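Secondary and tertiary structure notes
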Amino acid sequence: MKCILCGINEAYRDGICIECLTSMKNVSYDKINITVCPKCGSIKINKRWYYNNPDDALFNFVSRMLEKKNNSIKKIYNYLKDDYINVNIVFDDGIEKNVSIPMDVSRESCPVCNKLTGSYYEAIIQLRTFSRDRSHLIDTARDNIINDIKRYNVNDPNSFVSKVVNLKEGIDIYLGKRDDAAKVIKNLDSKYFIDTKVTKSLAGKKDGKDVFRYTHLIRIFDLEPGSIIFSRGRNYMVKSVEPGNINIMDLSLKKDLTMDEKTFFSSNFDLIRRSEKRRFIVISNNGSETELMDEKNFNIVTIKGIIKSDSIDLYNYNDEYYII
Ligand SMILES: [Zn+2]
Ligand SMILES: [Zn+2]
């Protein structure tokens, strides 16, 4: 049977052909206004910027708009073109219809790209050492921080390093997002024995509210075992350091102490002397003592205890030798 409307095609349903059924379907839609960032390709829809998968955000937006304005839509396929979106709509009754929805595209640099070009920052991490000398620990800490921020940036474009400044005494790292500072410091704390101090300063006002910048001073403990430090009239030898804890020996009492970061750094220790480590060859063990010879100057020393190995490192302080 021929279609009762056009009289040309075969009837499909209720005496009407598919072409006529399709042309009877009206699709209502709003014109789409979007802003595209020419630098990174992110898209602004309804005042909100979409940085990750902006095309998906646009398709979701268009689908929701079409579903709101039309009944009985079963499925929507989008195809993005330069200034329109091609949409294929499947209705509940199986009839499909293709529409092109015009798009008004304006171009504007997004807030993140504005921040990047303006060297924007919310926090500074100042990497320093306990000894105040430049150490390789500063460089590995910097690499750790930069890698952390790169990882955060995958999910949040506001996470970025806006500047790295090399100084004689350390490195300053400027961060685009304030909260990242606490996260990278927590990661540093799991790898190093560190002191952390934060100060905030007023950077200006935004929407009537005070905006603060945070400066985190990180001091990484950088002394080798055997180094001599001083606090409150007493000298100590550094025995070992690990994240969160330090072992030191009170040299007048010959007593070992373990301190956490808070206790250690609030005790105002000062460096007296870096480690003087010497290699000694074991000559003889006699009952409770061991005789050893300095590998370099052949000095002979005797220390308490039996040493099983052929040679050992001893740490000198005030003509006394210590095993760590
Ligand atoms: Zn027809
Ligand atoms: Zn951008």
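Nothing here was measured: the structure is a model prediction, and the numbers come from that model.

Moving on to the overall build of the protein chain. Each helix and strand in the protein chain was counted, giving six helices and 21 strands. Its C-alpha radius of gyration of 35 Å places the protein chain more than 25% over the 20 Å reference for a compact globule of 324 residues. Principal-axis analysis of the C-alpha atoms gives the protein chain an extent of 120 × 50 × 30 Å. Out of the 324 residues belonging to the protein chain, those deemed buried represent 20%. Counted over contacts in the protein chain with a minimum sequence separation of 6, partners at least 24 positions apart contribute 50%.

Given a rise of 1.5 Å per residue, 20 residues ought to cover 28 Å, and the 30 Å separating the end C-alpha atoms of helix 4 (residues 136-155) matches this to within 8%. Taken together, the buried positions of helix 4 are occupied by I138, A141, I145 and I149. Angularly, the buried residues of helix 4 cover 70° about the axis, an arc narrow enough to put them on a single face. Relative to its buried face, helix 4 has exposed residues pointing more than 90 degrees away, namely H136, D143, N147, K150, R151 and V154. Lining the buried residues of helix 4 we find strand 7 (123-129), strand 8 (161-166), strand 9 (171-175), helix 5 (178-189) and strand 11 (209-220).

Here we take up the packing of helix 4 against helix 5. One can describe the packing of helix 4 onto helix 5 by two numbers: an axis separation of 10 Å at closest approach and a directional angle of 130°. One way to sum up the angle between helix 4 and helix 5 is to call them oblique. Where helix 4 crosses over helix 5, the handedness of that crossing is right-handed. Residues A141, N144, I145, D148, I149 and Y152 of helix 4 lie in contact with helix 5, whose contacting residues are D180, K183, V184, N187 and L188. Grouping the amino acids of the contact of helix 4 with helix 5 by side-chain chemistry returns six nonpolar, two polar and three charged.

So, on to the pairing of strand 11. Pairing between strand 7 and strand 11: seven bridges, direction parallel. When the sheet's bridge partners are listed, R128 is paired in strand 11 with R219. As defined by bridge partners, strand 10 (residues 194-206) adjoins strand 11 across 12 bridges and the pair is classed as antiparallel. The residue of strand 11 that forms the bridge with T199 is T215. The hairpin formed by strand 10 and strand 11 contains two residues between the paired strands, and D207 there has a positive phi angle of roughly 50°.

Another aspect to go through is the nonpolar core. Generally speaking, soluble globular proteins have nonpolar side chains that are buried together. Grouped together as the largest cluster of nonpolar side chains are 38 residues, with contacts concentrated most on I125, I220 and F221. Ignoring sequence-local partners within four residues, the contact set of F221 consists of F130, Y192, F193, I194, V241 and I246. Grouped together as the second largest cluster of nonpolar side chains are seven residues, I43, L58, I85 and I89 included.

The next subject is the sheet that holds strand 21 (residues 320-322). Sheets are built from strands paired through backbone hydrogen bonds, the pairs being either parallel or antiparallel. Spatially, five strands are ordered 19-18-17-20-21 in an open sheet, and the strand pairing comes out antiparallel. Either end of the sheet is taken by a strand with one partner, and the two such strands are strand 19 (300-304) and strand 21. Strand-to-strand twist of the sheet, defined as the mean angle between neighbouring strand axes without regard to direction, takes the value 45°. Relative to strand 19, strand 18 (residues 289-294) runs antiparallel, the two sharing five bridges. Paired with T290 across the two strands is I303, which belongs to strand 19.

Our next topic: the domain arrangement of the protein chain. Taken domain by domain, the protein chain comprises domain 1 (19-111), domain 2 (119-220), domain 3 (228-273) and domain 4 (277-322). One C-alpha centre belongs to domain 1, the other to domain 4; they are set 81 Å apart.

Moving on, we get to the environment of F280. With respect to the helices, strands and loops of the structure, F280 is situated in strand 17 (residues 277-286). Take F280: there are 23 C-beta atoms within 10 Å of it, and that puts it in the buried class. In this structure the C-alpha to C-alpha distance between F280 and I125, which are 155 residues apart in sequence, comes to 42 Å. With near-sequence residues (within four places) excluded, F280 lies in contact with L292, M293, D294, E295, V301, S311, I312 and L314.

Turning to the UniProt feature "domain: Nmd3 N-terminal" (unreviewed entry) in the protein chain, a few remarks are in order. UniProt's feature table lists "domain: Nmd3 N-terminal" (unreviewed entry) at residues 3-220, given in the numbering used throughout. As a span, residues 3-220 carries 28% helix and 38% strand, and end to end its C-alpha atoms are 84 Å apart.

Glancing now at the sheet that holds strand 4 (residues 73-80). The six strands are arranged 3-2-1-6-5-4 in an open sheet whose pairing can be described as mixed. Either end of the sheet is taken by a strand with one partner, and the two such strands are strand 3 (48-50) and strand 4. The sheet shows a mean angle of 35° between the axes of neighbouring strands, direction not considered. Both strand 2 (residues 43-45) and strand 3 contribute to a ladder of three bridges, which runs antiparallel. Across the sheet, I45 pairs through a bridge with R48, a residue of strand 3. Packed onto the sheet, helix 2 (residues 54-69) meets strand 1 (32-36), strand 2, strand 3, strand 4, strand 5 (84-91) and strand 6 (96-107) and runs at close to 140° relative to strand 4.

What counts, and at which threshold
- Once a new chain begins, its residue numbering starts again from 1 and follows that chain's sequence as written.
- Chains and ligands are labelled by the order in which they are written, letters from A for the one and numbers from 1 for the other.
- Owing to the predicted nature of the model, reporting of local features is limited to residues with pLDDT of at least 70; listing and counting of side-chain atom pairs is limited to 80 or more, with chain, interface and lining totals taken over all residues.
- Numbering of helices and strands starts at the N terminus; helices are DSSP runs of H or I of at least 4 residues and strands are runs of E of at least 2.
- Note that the radius of gyration is over C-alpha atoms, with the globule rule given as 2.2 Å times the number of residues to the power 0.38.
- Exposure in this text rests on C-beta crowding, where 20 or more other C-beta atoms within 10 Å of a residue's own make it buried, 12 or fewer make it exposed, and counts in between make it partly exposed. The C-beta atoms are placed from the backbone.
- Whether two residues are in contact depends on their C-beta atoms, placed from the backbone: they are in contact if these lie within 7 Å.
- Helix span, as expected, comes to 1.5 Å for every residue beyond the first.
- Working definition: the arc comes from the directions between the helix axis and the C-beta atoms, pointing outward to the latter.
- Throughout, an axis means a line fitted to C-alpha atoms (over the contacting stretch in the case of helices), and angles, computed between N-to-C directions, take values from 0 to 180 degrees.
- Oblique is the label for every angle not falling under 35 degrees (roughly parallel), over 145 degrees (roughly antiparallel), or within 65 to 115 degrees (roughly perpendicular).
- Crossing handedness is defined as follows: a turn of the near helix away from the far one that is anticlockwise and smaller than a right angle gives a left-handed crossing, while the clockwise case is right-handed.
- Under the convention adopted here, Pro, Cys and the residues Ala, Val, Leu, Ile, Met, Phe, Trp and Tyr are nonpolar, Asp, Glu, Lys and Arg are charged, and Gly plus all remaining residues are polar.
- Two strands pair under a simple rule: DSSP has to find at least two bridges between them.
- Each nonpolar core comprises buried Ala, Val, Leu, Ile, Met, Phe, Trp, Tyr and Cys residues, the members being joined through C-beta atoms within 7 Å.
- Domain boundaries shown here were taken from an automatic or database domain assignment.
- UniProt positions are given in the numbering used here, feature names are shortened, and annotations may be inferred rather than shown by experiment.

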